[in-house]
2 protein chains.
Amino acid sequence: MADTTVYRASTTAPVNIAVVKYWGKRDAKLNLPTNSSISVTLSQADLRTLTTASCSTIFTSDSLTLNGEDSDISGARTQACFRELRARRAALEEKDASLPKLAALPLKIVSENNFPTAAGLASSAAGFAALVQAIANLYQLPDSPSELSKFARQGSGSACRSLFGGYVAWRMGEKEDGSDSLADLVAPASHWPSMRALILVASAAKKGVSSSSGMQQTVASSGLFQERIKTIVPANMDLMEDAIKNHDFEKFAEVTMRDSNSFHACCADTYPPIYYMNDTSRAAVRAVEAINAKAGKTIAAYTFDAGPNCVVYYLDENKDAVLGGFADALKAVSGFEQGAVAAVAGVIDETVTSILQEGVTRVIMTGVGEGPQKTEEFLVDADGTTSKR
Amino acid sequence: MADTTVYRASTTAPVNIAVVKYWGKRDAKLNLPTNSSISVTLSQADLRTLTTASCSTIFTSDSLTLNGEDSDISGARTQACFRELRARRAALEEKDASLPKLAALPLKIVSENNFPTAAGLASSAAGFAALVQAIANLYQLPDSPSELSKFARQGSGSACRSLFGGYVAWRMGEKEDGSDSLADLVAPASHWPSMRALILVASAAKKGVSSSSGMQQTVASSGLFQERIKTIVPANMDLMEDAIKNHDFEKFAEVTMRDSNSFHACCADTYPPIYYMNDTSRAAVRAVEAINAKAGKTIAAYTFDAGPNCVVYYLDENKDAVLGGFADALKAVSGFEQGAVAAVAGVIDETVTSILQEGVTRVIMTGVGEGPQKTEEFLVDADGTTSKR
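Residues numbered from 1 in each chain as written. Chains lettered and ligands numbered in written order. Predicted model: local features only at pLDDT ≥ 70, side-chain atom pairs only at ≥ 80, totals over all residues. Heavy atoms only, no water.

A few points about the packing of aromatic side chains
Residue and element names in this part refer to chain A. Under the defined criterion, the tally for this structure stands at 16 aromatic pairs over all chains. Ring centres of Trp23 and Tyr276 lie 5.9 Å apart, and the angle between their planes is 80 degrees; this geometry places the pair in the edge-to-face category. Linking Trp23 in the loop between β2 (16-20) and β3 (25-27) with Tyr276 in the loop between α6 (249-268) and α7 (279-295), this pair joins segments that are 253 residues apart in sequence. There is no split in this pair, since Trp23 and Tyr276 are both buried. Taken together, Tyr167, Trp192, Phe249, Phe252 and Tyr313 form an aromatic cluster joined through their ring pairs. The ring centre of Phe378 lies 4.0 Å from the NZ or CZ of Arg8, which sits over that ring. (Phe/Tyr/Trp six-rings, centres within 6.5 Å; stacked < 30°, edge-to-face > 60°. Helix = DSSP H or I, 4+ residues; strand = E, 2+ residues; numbered from the N terminus. Buried < 20%, exposed > 50% of the residue type's maximum accessible area, 1.4 Å probe, protein only. Lys NZ or Arg CZ within 6 Å of the ring centre and 35° of its normal.)

Some remarks on the relation of the copies chain A and chain B
Least-squares fitting of chain A to chain B yields an RMSD of 0.0 Å, with the transformation described by 0.0 Å of translation along the axis and a rotation of 180 degrees. Put plainly, the chains are arranged around a two-fold axis. No C-alpha of chain A lies nearer the rotation axis than that of Ala265(A), which sits 2.1 Å from it. The fraction of interface residues of chain A whose copies in chain B are also interface residues reaches 100%, indicating that both copies meet through the same surface. (Least-squares fit on C-alpha atoms with pLDDT ≥ 70 in both. Contact = heavy atoms within 4.5 Å.)

Here's the deal with the pairing of strand β1 (residues 7-14) of chain A
Residues and elements named next belong to chain A. Of all eight residues in β1, six are buried; the element is thus mostly enclosed. Looking at chain direction, β1 and strand β6 (residues 48-55) are connected through eight bridges and run antiparallel. Looking at the pairing, Thr12 lines up with Leu50 of β6. Strand direction decides the pairing type here: β1 and strand β16 (residues 373-375), joined by three bridges, are antiparallel. By the bridge assignment, Thr11 is partnered in β16 with Lys374. (Pairing = 2+ DSSP bridges.)

Considerations on helix α5 (residues 225-245) of chain A
All names here are of chain A. With 21 residues, α5 ought to run about 30 Å at 1.5 Å a step, and its terminal C-alpha atoms sit 28 Å apart, in line with that. Maximal helix bending in α5 amounts to about 35 degrees, located at Ile232; proline Pro234 follows within four positions. Listed as buried for α5 are Phe225, Glu227, Arg228, Ile229, Ile232, Val233, Asn236, Met237, Met240, Glu241, Ala243 and Ile244. Once α5 finishes, His247 follows within two positions and takes phi at roughly 50 degrees, a positive value. (Expected span 1.5 Å × (residues − 1). Bend = angle between axes of the 7 residues up to and from the residue.)

Digging into the packing of helix α2 (residues 123-138) of chain A against helix α3 (residues 145-155) of chain A
Residue and element names in this part refer to chain A. Relative orientation of the contacting elements α2 and α3 amounts to 135 degrees, with a least axis distance of 9 Å. In terms of axis orientation, α2 runs oblique to α3. Of the two elements, α2 crosses α3, and the hand of that crossing is right-handed. On the side of α2, the interface is formed by Phe128, Ala129, Val132, Gln133 and Ala136, while α3 contributes Leu148, Phe151, Ala152 and Gly155. Residues belonging to the contact of α2 with α3 are distributed by class as follows: seven nonpolar, two polar and no charged. (Axes fitted to C-alpha atoms, helices over the stretch in contact; angles between N-to-C directions. Parallel < 35°, antiparallel > 145°, perpendicular 65-115°, else oblique. Left-handed = near helix turned anticlockwise from the far one by under 90°. Nonpolar A, V, L, I, M, F, W, Y, C, P; charged D, E, K, R; others polar.)

Overview of the interface of chain A and chain B
In this assembly, 31 residues from chain A lie in contact with 31 residues from chain B. Looking at the side of chain A facing chain B, the largest losses of area belong to Leu224(A), Tyr271(A) and Tyr275(A), adding up to 26% of the total buried there. Where chain A packs against chain B, one counts two salt bridges. Note that Arg282(A) is salt-bridged to Asp279(B), the shortest N-O span being 3.4 Å. Inspection of the chain A/chain B interface yields seven residue pairs in polar contact (both at pLDDT 80 or more). (Buried area = accessible area lost by both parts, 1.4 Å probe. Salt bridge = Lys/Arg side-chain N within 4 Å of Asp/Glu carboxyl O. Polar contact = N/O pair within 3.5 Å; in protein donor to acceptor, adjacent residues only side chain to side chain.)

Points about the domain arrangement of chain A
All names here are of chain A. By the assigned domains, chain A splits into domain 1 (7-189) and domain 2 (195-367). Computed from C-alpha coordinates alone, the two centres of domain 1 and domain 2 are separated by 27 Å. Taken together, the 30 residues of domain 1 in the interface contact 41 residues of domain 2. Each partner contributes to the roughly 2,900 Å² buried at the junction of domain 1 and domain 2, and carbon and sulfur atoms together form 68% of this total. Of all residues in domain 1, Val19, Lys21 and Trp23 bury the most surface against domain 2, accounting for 30% of the area lost on that side. At the junction of domain 1 with domain 2, the criterion picks out two salt bridges. Linking domain 1 with domain 2 are 12 residue pairs in polar contact (both at pLDDT 80 or more). (Domains from an automatic or database assignment.)

Focus on the side chain of Asn35(B)
All names here are of chain B. With respect to the helices and strands, the residue Asn35 is situated in the loop between β4 (32-33) and β5 (37-41). By relative accessible area, which is 2% here, Asn35 ends up buried. In terms of polar contacts, Asn35 uses its side chain to reach the backbone carbonyl oxygen of Lys21, at 3.0 Å. A distance of 3.0 Å separates polar atoms of two side chains, one belonging to Asn35 and the other to Thr34.

A closer look at the environment of Ala284(B)
All names here are of chain B. With respect to the helices, strands and loops of the structure, Ala284 is situated in helix α7 (residues 279-295). Assessed through its relative accessible area of 2%, Ala284 is described here as buried. Here the alpha-carbon distance between Ala284 and Lys374, two residues 90 residues apart in the chain, equals 36 Å. Apart from the residues lying within four places of it in its own chain, the contact partners of Ala284 are Leu200, Phe304, Cys310 and Leu356.

Structure follows, in structure tokens:
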């Protein structure tokens, strides 16, 4: 009688929000970037993907369920992840005949986010990081997070940074095969644990241009982009690593804001132009500037990914000034927990306040957090059925 | 008894809208630009400044009235214009003793626009061009428009291009004293008379950053700007002159759109960032793209100055497709004369249509036009009083 064991492993994985942005591929097949990048991993208490990877003879083919819906796994990127991880498992099995032959079994993967995918919150990064980590756990692979980050990178570039907690760099690498294009740790969350992130979710009619095709349009048509990847980003990488290592928030903030500006400038210089930021986004920029002006120093930094949402980084010690300054604009918005902080009236001008009141649909208050966590919470039951939740 | 003659001369001057943008000064005192630029002069039937320059012993001091309000003339720029023009007149008087001694007389200048200044329609360019031309007429200076453009340039950089009609280049020049930084004619209006401009005036709460200080912030802080002035603009200048000389609208349009994008990208890359375009502006970009997609070729080009207004250039032969495409979005807007053109439904999608319906407050339909015109219409009466109008 055939072995009908359902082998299972689960992990959670975090979202990360870059402070030096990834934008542009030098090799679209291998997902090799035109430049290095740095991100902050956000706490999984607020934003995480939970993924269970399972395999068994009872499954008839590979499958992937995301938030209750069947997901297409025929894409080259998902296939690349599966293929690479299976090859690593097969190598282990070849060396040790006592290991169960998992590499040959169909995979059943079930994944869920604790936040709405539609919010445009880098869900693909958390998703592919969780996918790779869950399969690595299932296969009991000995690979380090950096090694695993290479597989996640092939699924979704920025996913490689979600294999670590804290402050994470994706080194672009030089090799043609991409073997040196991987994530490494700049500093763990414990090095600078007071970093907070206030996420202003802005209503967007729809996402105009996917980041994957958008970045290749920028590479192909922006006259300013080469300057960004040759000069601006390498300088920002050095400045940012120094800022993180030295707990220098003012430098961290300035580089974060300048790099976001440079990235969106290159989008606007793309032909035809790509616009991710809208009037709400720009109002958030003005709000952060007003909060910093009021404080007399830089205590908050804005950054925008490929969408209108604003992520504001600040340190816990400045929460009174930052959250208090935003309070008039955000107090009625879902998710804004003002807590013990008093509203500081009049920091943000009336026009900006009313644009934010109208355009911000939801707020997420979080902070720097840890990398993927192995968990005994399973989305696939021991008999191979998807858990009812 | 003293001569109480009131010497008078009047001129009109046009607005110009650049297709390769001026942004950045290499010498703020002399208004010397970081790069050359090209503009289209717009018809004075729709947009013009009328200026009367007068001088007489009966005036007690220099004065300037703009649209019925006293204007401060103590600024270095206005003073530079007055000083330079007086010096030219004084030189003539020195050579020919029979000439009346006008250079020593107080100037009374009265100026009126036929369009609202607040609309953000390059009124300073028309204003300074008219000021210089009116005084040059009063002083009967023999200088060519290019010579006069140097004086206008010191008043407001882009004003130098309004000394000519048609298609006009401002050559940045190389000399430290600015004597080779002047406007010249690429082609007269008659060379390519079918060029039309549809101006979408967008409501803006207020202009955030003046162009004069904004451009210097860009020069000082944008990491991408040097690439624009060293590489992008020189290439665009060559392409644009070729396009104009060869009546190549598709090339004209692509360079116009790319250069506007590059300029606003550098604004967004400024630290802190400068945003002139708003959601209405970006909807106009999408509308132009949709009209071109529908036509299967580039028949319309957007460009934006230091404000949210969109100027759409197109050829008269394509008015059915361009105005017809815009008709659903603009038919209720003041100034949109659809004329014999039938609305072409569904070219612009619903979201873009509703943003334009809400955000465009006024439309101006015009086209390429002539340079300053001497006129016998005076804003100062023969007795020196300001005309009642």
